[in-house]
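# A closer look at the structure
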Amino acid sequence: MAAVNVMVNGQAYPVGCGEGEEAHVRELGQFIDKRVRDIAGSIGQVGDTRLLLMAGLAIADELADARAKLRERESDLLALRSELSGAAESRQKSEDIAAAALSGAASRLEAIAARLAHA
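Notes on the structure in this doc start here. Predicted, not measured: the structure shown is a model, and the values here were computed from it. (Residues numbered from 1 in each chain as written. Predicted model: local features only at pLDDT ≥ 70, side-chain atom pairs only at ≥ 80, totals over all residues. Heavy atoms only, no water.)

The next subject is the overall build of the chain. Helices and strands together make up the secondary structure of the chain, namely two helices and two strands. Each helix (α) and strand (β) of the chain, taken in turn from the N terminus, gives the series β-β-α-α. C-alpha extents for the chain along the principal axes are approximately 105 × 35 × 15 Å. The buried share of the chain, reckoned over its 119 residues, is 13%. Looking at the chain alone, contacts between residues at least 24 apart form 32% of all its contacts between residues at least 6 apart. Averaging the coordinates of the 14 positive side-chain charges in the chain and doing the same for the 18 negative ones gives two points 6 Å apart. (Helix = DSSP H or I, 4+ residues; strand = E, 2+ residues; numbered from the N terminus. Buried < 20%, exposed > 50% of the residue type's maximum accessible area, 1.4 Å probe, protein only. Contact = heavy atoms within 4.5 Å. Lys, Arg positive; Asp, Glu negative; His and termini not counted. Charge placed at Lys NZ, Arg CZ, Asp CG, Glu CD.)

Laid out in structure tokens, this is it:
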């Protein structure tokens, strides 16, 4: 198991992670650090624990919004797939009708050609 120091609001926090995940954990720490610094900049220093809680709540709120948008997009995707399936069925029916009409027309033309050949 690897370990990384994550810097948040000037404080180092040792964090364990899987081998090869160090860079990713540092990036996540930088994301949290930015949120904490933004909050500290707007309300002042209120203690690391409270700043971390507020940053966590802000991030959780963003995650909830992202999940809601994802559910909306998944619903939109299902609707589009349904429309596409319906359009494909409609196209197939149209092609079948056109093929039947062409086949009938070809039969009539062959009959006419046969009568003309015997006339």
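On to the side chain of N9. You can see N9 is positioned in the loop between strand 1 (2-8) and strand 2 (11-17). By relative accessible area, N9 is classed as buried at 17%. The residues contacting N9, other than those within four sequence positions of it, are D33, V36, R37, Q45, D48 and L51.

The next subject is a nonpolar patch on the surface. Taken together, the side chains of F31, I32 and L52 make up a nonpolar region of the molecular surface, amounting to roughly 230 Å² of accessible area. Inspection of the secondary structure assignment puts L52 in helix 2 (residues 48-118). (Patch = residues over 30% accessible without salt bridge, like charges linked within 9 Å, V, L, I, M, F, W, Y side chains within 5 Å. Areas by Shrake-Rupley, 256 points an atom, 1.4 Å probe, with all protein chains shown as cover. Salt bridge = Lys/Arg side-chain N within 4 Å of Asp/Glu carboxyl O.)

When two helices pack together, their arrangement is given by the angle between the helix axes and the distance between those axes. Between helix 1 (residues 22-43) and helix 2, the least distance of the axes is 9 Å, while the angle of their chain directions is 115°. Taken together, the axes of helix 1 and helix 2 lie roughly perpendicular to each other. For the pair helix 1 and helix 2, the crossing hand works out as right-handed. In contact with F31, I32, R35, V36, I39, A40 and I43 of helix 1, helix 2 contributes L51, L52, M54, A55, A58, I59 and E62. For the contact of helix 1 with helix 2, the class distribution of residues is twelve nonpolar, no polar and two charged. (Axes fitted to C-alpha atoms, helices over the stretch in contact; angles between N-to-C directions. Parallel < 35°, antiparallel > 145°, perpendicular 65-115°, else oblique. Left-handed = near helix turned anticlockwise from the far one by under 90°. Nonpolar A, V, L, I, M, F, W, Y, C, P; charged D, E, K, R; others polar.)

A separate point is the environment of K69. Positionally, K69 belongs in helix 2. Classification of K69 as exposed rests on a relative accessible area of 52%. Linking K69 and A105, residues 36 residues apart in sequence, is a C-alpha distance of 53 Å.

The subject of this paragraph is the pattern of salt bridges. This model, assessed by the stated rule, comprises six salt bridges. A salt bridge links D76 to R73, with the shortest nitrogen-to-oxygen separation between them at 3.7 Å. Of this pair, D76 and R73 both sit in helix 2, three residues apart, which is roughly one turn of the helix. We classify D76 as partly exposed; its relative accessible area is 39%. Here the salt bridges share partners, and the residues they tie into one network are E72, R73 and D76.

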